[in-house]
Structures are given as C-alpha cells and as structure tokens.
Amino acid sequence: MDFLGDYVAGTLETQERTAFEGHLAGCPACIDYVRSYRETIRLTKGSLAPVGDADGAIPTELVDAILDATRRRRDH
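For clarity, every value in this text was computed on a predicted model and none was experimentally measured. Every chain begins its residue count from 1, and numbering advances along the sequence as written. Reporting in this predicted model follows two pLDDT cut-offs: at least 70 for local features of residues, and 80 or more for side-chain atom pairs to be given and counted; totals over whole chains, interfaces and linings ignore these cut-offs and use all residues. Note: side-chain values were computed over all heavy atoms of the structure, leaving out hydrogens and water.

(A) Region of the structure containing the nonpolar core. Residues belong to a common nonpolar core when they are buried Ala, Val, Leu, Ile, Met, Phe, Trp, Tyr or Cys residues joined through side-chain atoms within 4.5 Å. To sort residues, take the accessible area from a 1.4 Å probe on protein chains only and compare it with the maximum for the residue type: under 20% means buried, over 50% means exposed, and anything in between is partly exposed. Grouped together as the largest cluster of nonpolar side chains are 15 residues, with contacts concentrated most on Phe-3, Leu-4, Phe-20, Val-34 and Leu-62. Looking at this core, the elements that each hand over two or more residues are helix H1 (3-9), helix H2 (14-24), helix H3 (28-44) and helix H4 (60-75). Apart from residues no more than four positions distant in its own chain, Val-34 is found in contact with Leu-4, Tyr-7, Phe-20, Leu-24 and Leu-62. Under the DSSP-based scheme used, a helix requires at least four consecutive residues in state H or I and a strand at least two consecutive residues in state E, with every element numbered from the N terminus. Should any heavy atoms of two residues lie within 4.5 Å, those residues are considered in contact.

(B) Focus on H3. Helix span, expected: 1.5 Å multiplied by one less than the number of residues in the helix. With 17 residues, H3 should reach 24 Å at 1.5 Å per residue; the first-to-last C-alpha distance of 24 Å fits that figure. Here H3 has its buried residues at Cys-30, Tyr-33, Val-34, Tyr-37, Thr-40 and Thr-44. For H3, the angular spread of buried residues about the axis comes to 115°, placing them on one side. Those residues of H3 that are exposed and angled more than 90 degrees off the buried face are Pro-28, Arg-35, Arg-42 and Leu-43. For H3, the secondary structure elements touched by its buried residues are H1, H2 and H4. Think of the arc as the fan of directions from the helix axis to the C-beta atoms.

Below, the structure is given as structure tokens:
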C-alpha cells in the first residue's frame, strides 16, 4: 500500500503519523487532498475500478510531508 493508503487505513507507525498530522494541521491544501483521497476510496470500495489519485494534481506540500515523514522513519 502507499503512504496515504497506510495513513487512511491507520497503519502508519505513531511517529510517522504524528509528523504527517503535524503538517496537515497547518496545510489546508493537503487536508483537502486527503479528504478527496478518502472520498475516492469510499466511492470505489467494492467496485472493480482501481483507486487512482484523487484529483490528478498532488500538492507539492503533501509530497514534501510524505517524504519528510518517511525520512524520519528511516532515521530511527
């Protein structure tokens, strides 16, 4: 599963989740993206359609937050 999938599923490690949620707390664009990601999963659940990215344009801030949280996991 990918980072956002793990986040939505609640399977990220505590430190990684905390770092990512710290970013989300101050980034409305990323909050909107994660919301649309969740909505995409909800709408496609149970169908044969693959879950793609939520709106095609991933905010740079979201990518940076994911990379930062992933680096923190590797460094510990």
